[in-house]
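Structural features, examined
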Amino acid sequence: MIQSAFSLIISGYRYVRKHPELLMTIVLMCVIPIAFVASGLQFLNAARDNQERLEKDRIGMMHDVYKSLMDTAKYDQNVMQSELTRIAQLNEDIINFVVARENGPYLDVVASLDISQIGTIVENPTEYRVANADPNRSTTKPQARDGVRYWLSYRVVKADTGDDYYIFTETSLVHTDALFASRIINAYYWLFGLLAVVLLLVLRHVRLIDYSYLYAESKKANEMKDMFTNMIAHELRAPLTAMRGFASMIVENKDVSDEMRKYAHNIEDAAERLVLVVNDLLDVARIHSGKLSITSSDTNIQEVVSAVLEIMQPIAKEKNIALTQDTKIYPINKIYPIKMFIDKKRFHQALTNLVSNAIKYTQAGSITLSIEDRDDRLEIRVKDTGMGISAENQKNLFAPFFRVQIAEVDNTVGTGLGMWITKQLIELMGGSIAVESIKGVGTHVVITLPKVTYLREPHTSK
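Residues numbered from 1 in each chain as written. Predicted model: local features only at pLDDT ≥ 70, side-chain atom pairs only at ≥ 80, totals over all residues. Heavy atoms only, no water.

Of regular secondary structure, the protein possesses ten helices and 13 strands. Dimensions along the principal axes, computed over C-alpha positions, put the protein at roughly 155 × 65 × 45 Å. In the protein, buried positions account for 36% of the 462 residues. For the protein, contacts bridging at least 24 residues in sequence account for 65% of all contacts bridging at least 6. By element, 59% of the accessible surface of the protein is carried by carbon and sulfur atoms, the whole surface being about 28,000 Å². Averaged over its 52 positive side-chain charges, the protein has a centre that lies 7 Å from the centre of its 55 negative ones. (Helix = DSSP H or I, 4+ residues; strand = E, 2+ residues; numbered from the N terminus. Buried < 20%, exposed > 50% of the residue type's maximum accessible area, 1.4 Å probe, protein only. Contact = heavy atoms within 4.5 Å. Areas by Shrake-Rupley, 256 points an atom, 1.4 Å probe, with all protein chains shown as cover. Lys, Arg positive; Asp, Glu negative; His and termini not counted. Charge placed at Lys NZ, Arg CZ, Asp CG, Glu CD.)

Time to look at the environment of L107. Here L107 is to be found in strand β2 (residues 106–112). Each C-alpha atom, one on L107 and one on E123, is 8.3 Å from the other, the two residues being 16 residues apart in sequence. Here L107 is in contact with A100, R101, E102, T120, I121, V122, P125, Y128, R129 and Y166, once residues within four sequence places are set aside.

Turning next to the pattern of salt bridges. Enumeration over the complete set of coordinates arrives at 17 salt bridges. Note that E52 is salt-bridged to R149, the shortest N-O span being 3.1 Å. Taken together, the positions of E52 in helix α2 (residues 22–72) and R149 in strand β4 (residues 148–158) put the pair 97 residues apart, joining distant regions of the chain. Here R149 ties to D177 by a salt bridge, and the two come within 2.9 Å at their closest N and O atoms. Placement of R149 in strand β4 and of D177 in helix α5 (residues 174–252) is noted, with a sequence separation of 28 residues between them. Accessibility expressed as a relative area gives 26% for R149, which makes it partly exposed. (Salt bridge = Lys/Arg side-chain N within 4 Å of Asp/Glu carboxyl O.)

With that settled, consider the pairing of strand β8 (residues 338–342). Burial along β8 is one-sided: I338, M340 and I342 are buried, while K339 and F341, pointing the other way, are not. The pairing of strand β6 (residues 297–300) with β8 spans four bridges and is classified as antiparallel. Opposite D298, over in β8, you have F341 as the bridge partner. (Pairing = 2+ DSSP bridges.)

A few words now on the layout of surface pockets. A volume near 260 Å³ is recorded for the second largest pocket. Together, 13 residues line the second largest pocket, and V98, Q117, V122, E123 and Y128 are the ones closest to its centre. Within the residue set of the lining of the second largest pocket, elements represented by two or more residues are β1 (94–103) and α4 (125–129). (1 Å grid on protein atoms, 1.4 Å probe; cavity = no way out; pocket = protein on both sides within 12 Å on 5 of 7 lines; lining within 4 Å. Points joined across faces, edges and corners; volume = space filled by probe spheres on them.)

With respect to the helices and strands, the residue S112 is situated in strand β2. Engagement of the side chain of S112 in a polar contact is seen with the backbone nitrogen of D114, the distance being 3.1 Å. Beyond its immediate stretch of four places on either side in the chain, S112 contacts Q81, L84, F97, V98, Q117 and I118. (Polar contact = N/O pair within 3.5 Å; in protein donor to acceptor, adjacent residues only side chain to side chain.)

Between helix α8 (residues 344–360) and helix α10 (residues 418–428), the shortest axis-to-axis distance is 9 Å and the interhelical angle comes to 150°. The crossing of α8 and α10 is left-handed. The segment α8 lies against α10, with R346, F347, Q349, A350, N353, L354 and N357 engaging G418, M419, I421, T422, L425 and I426. Here the contact of α8 with α10 is composed, by residue class, of seven nonpolar, five polar and one charged. (Axes fitted to C-alpha atoms, helices over the stretch in contact; angles between N-to-C directions. Left-handed = near helix turned anticlockwise from the far one by under 90°. Nonpolar A, V, L, I, M, F, W, Y, C, P; charged D, E, K, R; others polar.)

Core analysis: the largest hydrophobic core is formed by 43 residues, its most contacted members being I301, F347, L351, L369 and I447. Those residues in contact with L369, other than ones at most four positions away along the chain, are V305, L309, L323, T324, Q325, D326, L351, V355, R381 and V382. I59, I87, V99 and L173 belong to the second-largest nonpolar core, a separate cluster that totals 19 residues. (Core = buried A, V, L, I, M, F, W, Y, C linked by side-chain atoms within 4.5 Å.)

Enumeration according to the criterion identifies five aromatic pairs in this entry. Here the aromatic rings of Y128 and F168 are separated by 5.4 Å at their centres, their planes lie at 45°, and the arrangement is tilted. Of this pair, Y128 sits in helix α4 while F168 sits in strand β5 (residues 164–172), placing them 40 residues apart in sequence. Look at Y128 and you get buried, because its relative accessible area is 8%. You can call F168 buried: its relative accessible area is 7%. Every member of this aromatic cluster is reached through a ring pair, and the members are Y128, Y154 and F168. Its end group placed over the ring of W151, K56 keeps NZ or CZ at 5.6 Å from the ring centre. (Phe/Tyr/Trp six-rings, centres within 6.5 Å; stacked < 30°, edge-to-face > 60°. Lys NZ or Arg CZ within 6 Å of the ring centre and 35° of its normal.)

Our focus in this paragraph is the side chain of N300. Summarising the element assignment, N300 is placed in strand β6. In terms of polar contacts, N300 uses its side chain to reach the backbone amide nitrogen of Q302, at 3.0 Å.

Strands sit in the order β2-β1-β5-β4-β3 across an open sheet of five strands; the sheet is antiparallel. Of all strands in the sheet, those bounded by a partner on one side alone are β2 and β3 (139–145). This sheet shows a mean twist of 25° between the axes of neighbouring strands, independent of strand direction. The sheet contact formed by β1 and β5 spans seven bridges and is antiparallel. The residue of β5 that forms the bridge with A100 is Y166.

Here it is in structure tokens:
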């Protein structure tokens, strides 16, 4: 057990050395309870002193009142006895109350809570006569018996008759001490509660430090991953470009057999797909690292749409898909060319991804690109008559590495990064992208750019 505790201490010491920011928390964990205890003790001591002073004042006032009653009653023993009994009933802490009259060297008891003492002689008159030291106030001295504190209070009364009377009261402090003991226990409860809260804060702080440490480690790992991805992608580009070049030369060589030309064409297609994968990986790494640059300039949207259609037209023809542009700018009175202040290259890439994706998932029918000029935004729609996307798949369509899981597209190749990259590019240019689709009917992918990001130029005819 001792060895386990020692090992735990060593582990804690090593952890604190590894995370020095915990030192302040540990110091506070020690200082706060000590300060709480010290301030609590000072408060209790001050409260106890104040309470004792108030109790002494109360006893003094009681003696003053009783002295006045004695003067008013002309020192009638019956009145003194009845008033003494009444006062004792009103003050449960008074356990003894005696009034004695000076009689030479003796003191005769004239009134007492213990009726049997009346008429007897006080056994120790010297204690009573200490009140003569200050006739105008009560004299109190403490006493303890069986763990209980008492106050013995004396007061001398100089009667007009020339007799000296002595008032003696014995007050128990058991209730006062019990009250302060209860307060001390409550203070300890608060102290334990405070320690528990501080301990929870320390544990929370330790957890946050662990999270911070893990975050720093994961960030470092991600940076290393991005560096590795960039390095691999750049290293792959050179041989892939060479492969495509040599395959293209073989395809164009007239002296090569048809079978060899077919193989070379397959190599060229495979290299092309690998280049696309490498480009996607580079874009993902740049987006994650925040190093993807956006260079905005005035861009004619119609020109970009036409360029994308021209590039993708051969691929669409291979699948007998009609790839067209809705030449009207909606609403139809918008006859001027629309220019956007965006990154032309990245917008071209995003639109190419969308059209390519539409071709992949459209088995027959048509794909149409349209431009709609709204009052506050510009919408570019890629509309296809393909198989459509279910509501469940629409939720994850723009997630990285997500591909629609249906039997019709099991043989479709791709990394599942195209839509995610497209979304990131559009958002970096200040726009947004959404999908509207009905299963078995078709899909509309809508790029929305806010109006503040583009400029209009009136159409001028020559």
